[in-house]
Amino acid sequence: MPRPPAPPYRGEPEHAMWHYSEDPSLSRFEPHVPATNPTAPPLVWAVDTRHAPMFWFPRDCPRGCVWPSPATTPADRERFFGQTAATRLHVMESSWLSRMQSCRLYAYELPPATFRPHEVGGYWVSEEPVEATGRVQLDDLLTRHAEAGFELRVTPSIWPFWHQVTRSTLDFSGSRLHNATPVPERPEP
């Protein structure tokens, strides 16, 4: 069963399908097998507008994005969101901050006709090639997060936060975690 959608954000445009890249020259998207899942069928992947902020990062930047869902307990809501007015929390590692500040992203709008929802909410897939219908340049990703009303945390290691989130009742999405700093060793008590 797909997860409920993430909460809306300030300035959220109308529903659309998007592909994010640092490459300004894309126009046609061919189905492909992801390197991280070589047994998967070839697909074109897109994300919908509601979940697009999970991609407001340099492509390979490890990040975690979390938000409360109807199943989130009051204790978890207080633990993760009790000190913020934000409805979403995005976390990245400090070693990626300079790349985040200088990153220029391109959001390619894709026609929805051949897409179907993926089992993971917010993602959409097409088995057919897709031609982009538009391209939007995104600069100043830090300001984009702030204007959307998100809390963006910058931390030396994502792992302490991520281990807590994955044991919580929050909804979450992690990307490129294999690029994160190694899991820190815990000091002996």
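Residues numbered from 1 in each chain as written. Predicted model: local features only at pLDDT ≥ 70, side-chain atom pairs only at ≥ 80, totals over all residues. Heavy atoms only, no water.

Enquirer: Can you explain helix α1 (residues 74-81)? Please cite residues and give values.
Expert: Residues of α1 that are buried: D76, F80 and F81. Considered in projection along α1, the buried side chains sweep an arc of 95° and stay on one side of the axis. The outward face of α1, more than 90 degrees from its buried face, is lined by the exposed residues P74 and A75. Looking at the buried side of α1, the elements it contacts are β4 (63-67), β5 (89-93), β11 (151-155) and α4 (159-165). (Buried < 20%, exposed > 50% of the residue type's maximum accessible area, 1.4 Å probe, protein only. Helix = DSSP H or I, 4+ residues; strand = E, 2+ residues; numbered from the N terminus. Arc of directions from axis to C-beta. Contact = heavy atoms within 4.5 Å.)

Enquirer: So, the layout of surface pockets: which residues are in play, and what are the values?
Expert: Considering only enclosed or pocket space, the largest pocket measures out at about 1000 Å³ in volume. Considering the residues around the largest pocket, the lining is formed by 34 residues, among which W45, F55, R59, Y123 and R176 are closest to the centre. Elements with a contribution of two residues or more to the lining of the largest pocket: β1 (17-21), β3 (44-48) and β12 (171-175). Classifying every residue of the lining of the largest pocket gives 18 nonpolar, 10 polar and 6 charged. Within this model, the second largest pocket holds a volume of roughly 240 Å³. Where the lining of the second largest pocket is concerned, the elements lending two or more residues are β1, β10 (134-138) and α3 (141-148). With 3 residues, α3 is the single largest residue contributor to the lining of the second largest pocket. Tallied by class, residues from the lining of the second largest pocket come to 10 nonpolar, 2 polar and 3 charged. (1 Å grid on protein atoms, 1.4 Å probe; cavity = no way out; pocket = protein on both sides within 12 Å on 5 of 7 lines; lining within 4 Å. Points joined across faces, edges and corners; volume = space filled by probe spheres on them. Nonpolar A, V, L, I, M, F, W, Y, C, P; charged D, E, K, R; others polar.)

Read these as geometric descriptors, not functional statements.
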